[in-house]
Amino acid sequence: MALDSLEILDPTAERDPAGRPLAERLPAETDGRTIALLDIRKPRGDVFLDELERLLAQRGYTVARTMKPTFTKPAPADVRKEIAERCDAVIEALAD
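Described below are features of the structure shown in this document.

Here is what the cut-offs are and how they apply
- Residues take numbers from 1 onward in each chain, read along the sequence in its written order.
- Thresholds applied to this predicted model are a pLDDT of at least 70 for local features of residues and 80 or more for the giving and counting of side-chain atom pairs; totals over whole chains, interfaces and linings are not thresholded and use all residues.
- Think of the side-chain values as coming from all heavy atoms in the structure, minus any hydrogens and water.
- By nonpolar core we mean a set of buried residues, namely Ala, Val, Leu, Ile, Met, Phe, Trp, Tyr and Cys, connected to one another through side-chain atoms within 4.5 Å.
- Think of it in three bands: residues with accessible area under 20% of the maximum for their type are buried, residues over 50% are exposed, and the middle band is partly exposed, with areas taken using a 1.4 Å probe on protein chains only.
- Runs of E in the DSSP output that reach at least two residues are strands. Runs of H or I that reach at least four are helices, and both are numbered from the N terminus.
- Only heavy atoms enter the contact rule, under which two residues are in contact if any of them lie within 4.5 Å.
- Here a salt bridge means any side-chain nitrogen of Lys or Arg lying within 4 Å of a carboxyl oxygen belonging to Asp or Glu.

### A closer look at the nonpolar core
In this structure, I35, L37, L49, L52, L56, Y61, V63 and A93 together form the largest nonpolar core, which totals eight residues. Listed by contribution, the elements that provide at least two residues to this core are β1 (34-39) and α1 (45-58). For this core, the leading source of residues is α1, giving three residues. When sequence neighbours within four positions are dropped, the list of residues in contact with V63 reads I35, L37, E53 and L56. Grouped together as the second largest cluster of nonpolar side chains are seven residues, A36, L38, A64 and C87 included.

### Quick word on unusual backbone geometry
Phi angles above zero are rare outside glycine, and R41 is one such case at about 80°. Following the sequence through the fold, R41 ends up in the loop between β1 and α1. Positive phi is not limited to glycine here, since R44 has a value of about 70°. By the secondary structure assignment, R44 is in the loop between β1 and α1.

### Quick notes on the pattern of salt bridges
The final tally for this structure, using the stated rule, is five salt bridges. Between D50 and R65 there is a salt bridge, with its nearest N and O atoms 3.1 Å apart. Taken together, the residues D50 in helix α1 and R65 in strand β2 (residues 62-67) connect sequence positions 15 residues apart. Its relative accessible area of 33% is what places R65 among the partly exposed residues. Taken together, the shared-partner salt bridges connect D50, E53 and R65 into one network.

So, to be careful, I would describe these as geometric facts and stop short of saying anything about function.
What follows is the structure, encoded as structure tokens:
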């Protein structure tokens, strides 16, 4: 399936959904690239991130794991700042 034909469904109850562009893809070269994996503390999110970390490491990325104090609030400013300073990209895990 080509990416230009990919349909992403939003599980929220939007009456008039807004279009969202795909995120920028990671560069092919992995040297010196660090990916942050942010665990938002939902059940089984860590299981997803464990597998994702393994796959990213196989491809040569450095992985930095961090987690929010609670899933009920946004990540604190200091956590967001640390990720922005140390990492080239961030992946947030949501699982139940």
